[in-house]
Amino acid sequence: MKNKVGKIKILKGLEKYTIYIILLIGMISVVAVILLMNSSHSLYKMPKVEKGVVDLNEWSYQDDGIIKLNGQWEFYYDQLLAYHDFYTKEPLKPSGYIDMPRSWDGYKIDGKEINKMGYGTYKLRVINSSVENLAIRLPYRFTDYTIMIDDEIIATKEPADRIVLETKNVFFKPSSRNFDIIIQVPSQAFFDGGTHLPIYIGSQEALINKEKKDLIKDMLFFASLIIMGLYHVALYAFLRRMKYILYFGLLCIAVALRSIHVHEALLINNFMPLSFQTFYYFNVASLLLIIILFGSFISGLYPLESSKKVLKAFQGYSILMIIITLVFPYPVYGYFRGLNNIVLIACAVYYLSVMLKAAFRNREGANIMVFAMAFMLVSVLNDVLYVSNMKIFSYLYGMTTYSIVIFIFALAIILSKIYADTFISVDNLSKKLMSLDKIKDEFLANTSHELRTPLNGIIGITESLIEGAAGEITDEVHKNLSIVAASSKRLSNLVNSILDYSKLKHKDINLDLRPINLHQLVDLILTVFKMTKDNNNISLKNKVPKGLPYVLADDGRLQQILYNLIGNAIKFTDEGEVSVSARLHHNLIEVSIEDTGIGIEESKIEDIFHSYEQIDTSISKQQIGTGIGLSITKNLVEIQGGSIRCHSTVRKGSSFIFTLPISSHKHSPTTEEGFKVIEKQLDYQQASASLDNLQLNNNKPTILVVDDEQINIQVLVNQLSLHNYYVVTATNGEDALELVDEIDFDLVILDAMMPKMSGYEVAKKIRERFSLIELPILILTANNQLSNICLAFDCGTNDYVTKPFEKQELLARIDTLITMKNAVEQSIKDPLTDIYNRKHLFALAELIFEDHRRDSKSMAVIMIDIDNFKLINDTYGHVEGDNILIEIVSRCKKVIRDTDLFGRYGGEEFLIVLPNIAMDEAIALAERIKQSISSKPVISDEGLEIEVTISTGIAINKPIYQNLHEMYKDVDRALYKAKLNGKNRVEVAM
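Residues numbered from 1 in each chain as written. Predicted model: local features only at pLDDT ≥ 70, side-chain atom pairs only at ≥ 80, totals over all residues. Heavy atoms only, no water.

Per an unreviewed UniProt entry, the recorded name for the protein chain is Circadian input-output histidine kinase CikA, and the organism is Alkaliphilus serpentinus. UniProt, in its Catalytic activity (unreviewed entry) section for the protein chain, records the words "ATP + protein L-histidine = ADP + protein N-phospho-L-histidine." Turning to the protein chain, the UniProt annotation filed under Sequence similarities (unreviewed entry) states: "In the N-terminal section; belongs to the phytochrome family." (UniProt positions renumbered as here; feature names shortened; annotations may be inferred.)

Given below as structure tokens:
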């Protein structure tokens, strides 16, 4: 048993590391292939050029193949020499020996660096070669040359206005076993001169075969990358969330396009001539584009391990260099080549570190990426060093191409693994959701069945109580019981809808098909809606012809269909018409329910017939429902042999059209029992009539309750009325705002979700006029999510209660809010006269003064003092003195404007601040106040007439006033001037 368990563990371990083993074998195989290819049968057998001579004594072109003429060629700088120049009486001395292949960058003669874009001559002596048809392969880096075999010119390429790059096979047959290869290079196109690509010699057949193999290799490389790139770009169209898929696809395409322009075979030349300018642009721009795409891909795949700042730095540098490439001439770019190589290596090193970090955190595929990236980094580093004349592993030059293939292969494996895991996850989730959906349906069906029994009991007992089973009841009790019955029936209908939905889904519904008089049935249903609708702006019309053939349908299910469709039409129509019409059409009865409501967007028409779909899910949506009504309607129509469709125009209305088969009989079971049902429904619905017929009682706190559900309003009215609150109700936001303008409420209770205007919107509107203290708002919401609660507070509510709520909690919160409002009001009001106290009045007056002073607007201050008030107190007592203060305030309030501030300055003195008023208007208002007080005596509690007069001072704001205190001094002086001048008069501060 233990051995069996051990074997299973070993197999699982091998399965886990299979991909790494495959990848490692692939890397080793690539290295081996490159070594074998570059060895040309034997690394040790291939002759090497030494001091301008290569000995082919032991080499057979037929058996051993092609030779790379690598090694020390004779080099004559600043000289273009022909064959005869070397064989004069005085032998020429070379400038030096130069390694081939290599660039001229950094090459020195007599300790001085040569001009890397200068000219010169290469010479190689070949000895002991077989005499046969041979060929020399010159790399595309030579753009201007003449090649000679001894004294015979075998190929020439001269510069033109448009330099064309090409790798060329030059054919010749030597005249003897020993011959010279002389290559004149009159000019350089590449800024570093020379070539980093080797020159080959071999039989003509072998070099032609090599050319074909190189082309096939590049074609396969290009095709595989292009296909992979296009596949992933197309895949991104379906997986927009995974942006790294797009970057990977574009990366593959960029590498593929670069390969056909810069690889030795120059595959692009088979389709169009490759100019040097095109090569230059593609070589630089494609490399920099690859850096951008590679960084974007890795950052998208491992966002938590990558730095956005580093990515932007690489991208910014690359874009800058692309601009330099396009704008400036080619030699300028040469100065940046070394920097570009450093950036390339830095980019590879950084993203290798990102992958190591991802691997350490066990990210998907990171371990594979580390292997592939490390291999590619070594390959890129080796090739960069090689072209920079630092040939550490010269036999491995060109491995970057293969490392890229391995890296992209590894990426493809990772992405495939991610796709597979995602597919498996989605498949498992789908199975789980299907299972949960089944459980949900069973739960709904079982719960609905369990709810029907208590609901039937509630409805039955409530109806019996209404009909007098327990004796006579009052009108108020009758109304409340009717609301209970109506709400219970509504809940019963919802339960029935859920049961129907479950039955329809499992195709477990029985139909009692019989002939039905459609006109009579529509008449009955429209009568119900006419008696119960609360919107008098909608006209309901029955346009079904009386002589129309009967339909064959289930009576109860047809009523359900019509109730759903007509109810929806009324629900989504503010004003206009809802009509039902029918006609005979292709041996079917076609019924149409049309409205002039809000309409439905064309793109959403198909969705409304899906379960739990509604046409709007915003906070302020027009109506709220379960979202299964139309789905049930569609299924009920279809199981009775019909079909349903919808036509709609936004803001113009909708038309729902369904068909039913014609009955061959003409007897309708619809009887007067239908009218009895209607009468009962009417009784219940009438119980939700307006509650606005109560008289306002100023001795109780006044609360505005706003809810679109009459049952909710009645519950709150019942609960609050029993606790000494006076309740005013509204069923929508517009009516609520009108009531707020007309009545001084102590609290507003809002339902969060209402038609047309949500509770949140109503709260915002109220806050435009009243502060949190002046009018508290309590919002009721069925959604206790943090986002909805925060939204409520953002809209200006003071508190919230979630439904269903506990009565005691609601009452406690209401009491707290009203107590807070009253406490704040008491802190700013004078307790005797109920006008602003001095402290609060001064604070508000200071704001008005600064505002008017800043905008150069006119304002005034009136100070009032009751004449001989001490004598009145001494004569009639302090109680009568207090009554006189209250009466004075009452008379002043009737004269001053709504915008004026009125407060008690102290004792028998009062202050009125009048914003936006001219001096003459202020004087006239002060005179009216004086007149209203002196014209009529104050009647004491004992019926005595007490004559009261006032002295008044007025000050208008002036530019010289720096603060309100200076204005108070002037108005005070004016007041005492009035008292000195005989009292009962108005004086103006000068």
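On a plain count of helices and strands, the protein chain comes out with 27 helices and 34 strands. With 990 residues in all, the protein chain has 47% of them scored as buried. Contacts in the protein chain between residues far apart in sequence, at least 24 positions, make up 72% of those at least 6 positions apart. (Helix = DSSP H or I, 4+ residues; strand = E, 2+ residues; numbered from the N terminus. Buried < 20%, exposed > 50% of the residue type's maximum accessible area, 1.4 Å probe, protein only. Contact = heavy atoms within 4.5 Å.)

Of note, glycine 907 is situated in the loop between strand 29 (901–906) and strand 30 (909–914). For the pair glycine 907 and leucine 885, spaced 22 residues apart in the sequence, the C-alpha separation amounts to 9.1 Å.

Moving on: the sheet that holds strand 12 (residues 168–172). What the 4 strands build is an open sheet, ordered 2-14-8-12; its pairing is antiparallel. Two strands lie at the open edges of the sheet, namely strand 2 (67–68) and strand 12, each paired on one side alone. Strand direction decides the pairing type here: strand 8 (residues 134–138) and strand 14 (residues 200–203), joined by 4 bridges, are antiparallel. Counted as the bridge partner of arginine 137 is tyrosine 200 from strand 14. Packed on one face of the sheet, helix 5 (residues 204–236) meets strand 8, strand 12 and strand 14 and runs near 120° to strand 14. (Pairing = 2+ DSSP bridges. Axes fitted to C-alpha atoms, helices over the stretch in contact; angles between N-to-C directions.)

A few words now on the packing of aromatic side chains. Tallying each qualifying case throughout the model produces 21 aromatic pairs. Each ring, one from phenylalanine 75 and one from tyrosine 122, has its centre 5.6 Å from the other, and the planes form 40°; the classification is tilted. Taken together, the residues span a long stretch of sequence, with phenylalanine 75 in strand 3 (residues 71–77) and tyrosine 122 in strand 7 (residues 120–127) at a distance of 47 residues. On the accessibility criterion, phenylalanine 75 (0% relative accessible area) is buried. (Phe/Tyr/Trp six-rings, centres within 6.5 Å; stacked < 30°, edge-to-face > 60°.)

With that settled, consider the side chain of threonine 121. By the secondary structure assignment, threonine 121 is in strand 7. When its relative accessible area of 0% is taken as the criterion, threonine 121 is described as buried. With residues near it in sequence (within four places) discarded, threonine 121 still touches Glu74, Phe75, Tyr76, Gln79, Leu80, Leu81, Phe86, Ile182, Ile183 and Gln184.

Think of an α-helix as 3.6 residues a turn; residues three or four steps apart then line up on the same face. Here helix 10 (residues 337–360) is 24 residues long and its end C-alpha atoms lie 35 Å apart, about the 34 Å a rise of 1.5 Å per residue gives. Looking at the residues trailing helix 10, positive phi occurs at asparagine 362, about 60°. (Expected span 1.5 Å × (residues − 1).)

Before going further, it helps to examine the UniProt feature "transmembrane region" (unreviewed entry) in the protein chain. Listed under "transmembrane region" (unreviewed entry) in the UniProt record, and renumbered for this structure, are residues 17–38, 219–239, 245–268, 280–302, 314–335, 342–360, 366–387 and 399–420. Note that residues 219–239 is 86% helix and 0% strand, and that its end C-alpha atoms are spaced 30 Å apart. Helix makes up 100% of residues 342–360 and strand 0%. Its end C-alpha atoms lie 27 Å apart.

A word on unusual backbone geometry. Glycine aside, the phi torsion of most residues is negative, and most peptide linkages are trans. Cis geometry is found at the peptide bond from methionine 100 to proline 101, where omega equals 0°. Of note, proline 101 is situated in the loop between strand 4 (96–100) and strand 5 (108–109). In this structure, aspartate 78 takes a positive phi of about 65° despite not being glycine. The residue aspartate 78 is located in the loop between strand 3 and helix 4 (83–86) in this model. By relative accessible area, aspartate 78 is classed as partly exposed at 39%. Its identity as a non-glycine residue notwithstanding, lysine 983 has a phi of 65°, on the positive side. Its place among the elements puts lysine 983 in the loop between helix 27 (964–980) and strand 34 (986–988). Given a relative accessible area of 30%, lysine 983 falls into the partly exposed group.

A few words now on a nonpolar patch on the surface. On the surface, Ile319, Ile323, Leu326, Val327 and Phe328 cluster together into a nonpolar patch covering about 490 Å² of accessible area. Positionally, phenylalanine 328 belongs in the loop between helix 8 (308–327) and helix 9 (330–334). (Patch = residues over 30% accessible without salt bridge, like charges linked within 9 Å, V, L, I, M, F, W, Y side chains within 5 Å. Areas by Shrake-Rupley, 256 points an atom, 1.4 Å probe, with all protein chains shown as cover. Salt bridge = Lys/Arg side-chain N within 4 Å of Asp/Glu carboxyl O.)

It is worth spelling out helix 18 (residues 710–721) at this point. For helix 18, built from 12 residues, the straight-helix expectation of 16 Å at 1.5 Å per residue is met to within 8% by its first-to-last C-alpha distance of 16 Å. Within helix 18 the residues assigned to the buried category are Gln710, Ile713, Gln714, Leu716, Val717, Gln719 and Leu720.

Before going further, it helps to examine the sheet that holds strand 25 (residues 747–751). Strand order across the open sheet formed by 5 strands is 24-23-25-26-27, with parallel pairing between neighbours. In this open sheet, the two edge strands, each paired with only one partner strand, are strand 24 (726–730) and strand 27 (799–802). In this sheet, adjacent strand axes meet at a mean angle of 20° when their direction is disregarded. Alignment of strand 23 (residues 702–706) against strand 24, held across 5 bridges, turns out to be parallel. Note on strand 24: the bridge partner recorded for threonine 702 is tyrosine 726. Strands strand 23, strand 24, strand 25 and strand 26 (777–781) of the sheet are contacted by helix 18, whose axis makes an angle of about 170° with strand 24. Here helix 20 (residues 759–767) sits on the sheet and contacts strand 25 and strand 26; the angle it forms with strand 26, its principal contact strand, is near 170°.

This brings us to the environment of leucine 491. Structurally, leucine 491 can be placed in helix 13 (residues 475–505). The exposure class assigned to leucine 491 is partly exposed, which follows from its relative accessible area of 39%. In this structure, the C-alpha to C-alpha distance between leucine 491 and leucine 451, residues 40 residues apart in sequence, is 9.4 Å.

Looking now at the packing of helix 24 (residues 869–876) against helix 25 (residues 878–895). Two numbers describe how helix 24 lies on helix 25: the axes approach to 7 Å, and their chain directions differ by 135°. Classified by the angle between their axes, helix 24 and helix 25 sit oblique to one another. Contacts between helix 24 and helix 25 involve Phe869, Ile872, Asn873 and Tyr876 from the former and His878, Glu880, Gly881, Ile884 and Leu885 from the latter. Considering only residue class, the contact of helix 24 with helix 25 consists of 5 nonpolar, 3 polar and 1 charged. (Parallel < 35°, antiparallel > 145°, perpendicular 65-115°, else oblique. Nonpolar A, V, L, I, M, F, W, Y, C, P; charged D, E, K, R; others polar.)

As a further point, take the nonpolar core. Counting residues in hydrophobic clusters, the biggest one holds 67 residues, and the most contacted among them are Ile298, Tyr351, Met355 and Met369. Contributions of two or more residues to this core are made by helix 5, helix 6 (243–262), helix 7 (276–301), helix 8, helix 10, helix 11 (366–387) and helix 12 (399–466). With 13 residues, helix 7 is the single largest residue contributor to this core. Here this core spans two domains, since at least three of its residues come from each of domain 2 (69–198) and domain 3 (217–393). When sequence neighbours within four positions are dropped, the list of residues in contact with isoleucine 298 reads Ser306, Tyr351, Val354, Met355 and Met369. Core analysis: the second largest hydrophobic core is formed by 40 residues, Leu521, Ala582, Ile589 and Ile593 among them. (Core = buried A, V, L, I, M, F, W, Y, C linked by side-chain atoms within 4.5 Å. Domains from an automatic or database assignment.)

Here we take up the pattern of salt bridges. In this structure the tally under the stated criterion is 28 salt bridges. Between glutamate 590 and arginine 583 there is a salt bridge, and its shortest N-O distance comes to 2.9 Å. The class of glutamate 590 is buried, set by a relative accessible area of 9%. Measuring nitrogen to oxygen at the nearest pair gives 3.7 Å for the salt bridge that ties aspartate 746 to lysine 821. One end of the pair, aspartate 746, is in the loop between helix 19 (733–742) and strand 25; the other, lysine 821, is in helix 22 (residues 807–828), and 75 residues separate them in sequence. One salt-bridge network, in which partners are shared between bridges, spans Asp851, Arg854, Asp855 and Lys857.

What follows concerns the confidence of the model for the protein chain. Predicted coordinates in areas of low pLDDT are best not read in detail. Considering every residue of the protein chain, the mean pLDDT works out to 79; 81% of them sit at 70 or more. Taking the mean pLDDT of every element in the protein chain, the minimum, 44, falls on helix 17 (residues 673–686) and the maximum, 94, on strand 20 (residues 588–595). With pLDDT under 50 throughout, residues 617–626 is counted as low confidence; its partners more than four residues away or in other chains account for 28 contacts. (pLDDT = per-residue confidence, 0-100.)

Our next topic: the packing of helix 25 against helix 26 (residues 919–934). At a closest axis distance of 9 Å, the pairing of helix 25 and helix 26 adopts a crossing angle of 140°. With respect to helix 26, the axis of helix 25 lies oblique. Remark: the crossing between helix 25 and helix 26 carries right-handed chirality. Only Leu925, Arg928, Ile929, Ser932 and Ile933 of helix 26 make contact with helix 25, whose side of the interface consists of Ile888, Arg891, Cys892 and Val895. When grouped by side-chain class, the residues that make up the contact of helix 25 with helix 26 number 6 nonpolar, 1 polar and 2 charged. (Left-handed = near helix turned anticlockwise from the far one by under 90°.)

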